[in-house]
Amino acid sequence: MTEPEKILNEPVARPKRPLSLGAGAIVVHDNKVLLVRNRYGVTKGRYLLPAGRVKAGELPDQAAARETFEETNLRVEIEGLLGVRLWVMDDGEHNYFFMYKAHPISPISELLPNLAEVDDARFFSREEMDALGPDETWSGAIAIAYKGLDSEAITWPNHAHLSDSSGVENAERWRIWL
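So, how was this worked out
- Residues numbered from 1 in each chain as written.
- Predicted model: local features only at pLDDT ≥ 70, side-chain atom pairs only at ≥ 80, totals over all residues.
- Heavy atoms only, no water.
- Core = buried A, V, L, I, M, F, W, Y, C linked by side-chain atoms within 4.5 Å.
- Buried < 20%, exposed > 50% of the residue type's maximum accessible area, 1.4 Å probe, protein only.
- Contact = heavy atoms within 4.5 Å.
- Helix = DSSP H or I, 4+ residues; strand = E, 2+ residues; numbered from the N terminus.
- Pairing = 2+ DSSP bridges.
- Expected span 1.5 Å × (residues − 1).
- Phe/Tyr/Trp six-rings, centres within 6.5 Å; stacked < 30°, edge-to-face > 60°.
- Lys NZ or Arg CZ within 6 Å of the ring centre and 35° of its normal.

(A) Examining the nonpolar core more closely. If you look at the biggest cluster of nonpolar residues, it comprises 18 residues, and the most contacted ones within it are A23, V27, L34, Y100, L111 and F123. Setting aside its immediate chain neighbours within four residues, V27 contacts K32, V33, L34, T68, V76, A102, H103, P104 and F123. Listed in part, the 17 residues of the second largest apolar core include L49, F97, I142 and I144.

Structural data, given as structure tokens:
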């Protein structure tokens, strides 16, 4: 083997970087969007979507539904993928955050903020979101909330049934958003 062939056949060292996944739900009911006010961290005191990190073995849409229930006591059904946020954090971690349009399947009367995580959870109209100042929310959350209210916004639905020839037999472990 020649020297150039040896170089081409050597394994390439790839840099390792921390990676995290997050997911949130844009829960729409009566032309309003569910927002929660966080109690901790850099988002303390701000109204955002119910959201959080994806756990090991969990798919992002499942995490969005779980986080919504944990924070608000509302069960939701995911309709489709509405947006993705990519963020390279100050420490170099790459965070991929998936935002799903959803609708409640629990009665709205069951809405109850989980005070261990959030101190308020309620549905906001466009006008109420417009009234929130920059210290009360994050513009990215409001932008995707507006998109959730747009009747012409396109969501990418899950086509898990397309896994028939992928070797994945359980549709709960497979997602393809088209």
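(B) Broad picture of the pairing of strand β7 (residues 118-124). Of all 7 residues in β7, 5 are buried, a share of seventy percent or more. When strand β2 (residues 32-38) meets β7, the two strands line up antiparallel, connected through 6 bridges. Its bridge partner being in β7, N38 is matched across the sheet by V118.

(C) Representation of helix α2 (residues 60-72). For α2, with 13 residues, the first-to-last C-alpha span of 18 Å sits near the 18 Å given by 1.5 Å per residue. Taken together, the buried residues of α2 touch β1 (19-29), β2, β4 (51-53), β5 (76-88), β6 (94-104) and β7. Phi for N73, located one or two positions after α2, is positive at around 70°.

(D) Here's a closer look at the side chain of R66. Among the secondary structure elements, R66 is positioned in helix α2. What makes R66 buried here is its relative accessible area of 16%. Excluding anything up to four places from it in sequence, R66 contacts R53, K55 and E58.

(E) Seen up close, the packing of aromatic side chains. Following the criterion strictly, the structure yields 2 aromatic pairs and no others. Seen from their ring centres, Y47 and F124 are 4.9 Å apart, and the 65° between their planes marks the pair as edge-to-face. Highlighted residues: Y47 in strand β3 (residues 47-48) and F124 in strand β7, separated in sequence by 77 residues. Each member of the pair, Y47 as well as F124, carries the same accessibility label: buried. Where Y100 meets W177, the ring centres are 5.1 Å apart and the plane angle is 50°; that geometry is what we call tilted. Of the two residues, Y100 is situated in strand β6 and W177 in the segment after α4 (139-149); the sequence distance between them amounts to 77 residues. The pair formed by Y100 and W177 is uniform in burial state, with each residue classed as buried. A cation over an aromatic ring shows up here: R75 above the ring of F69, its NZ or CZ 3.9 Å from the ring centre.

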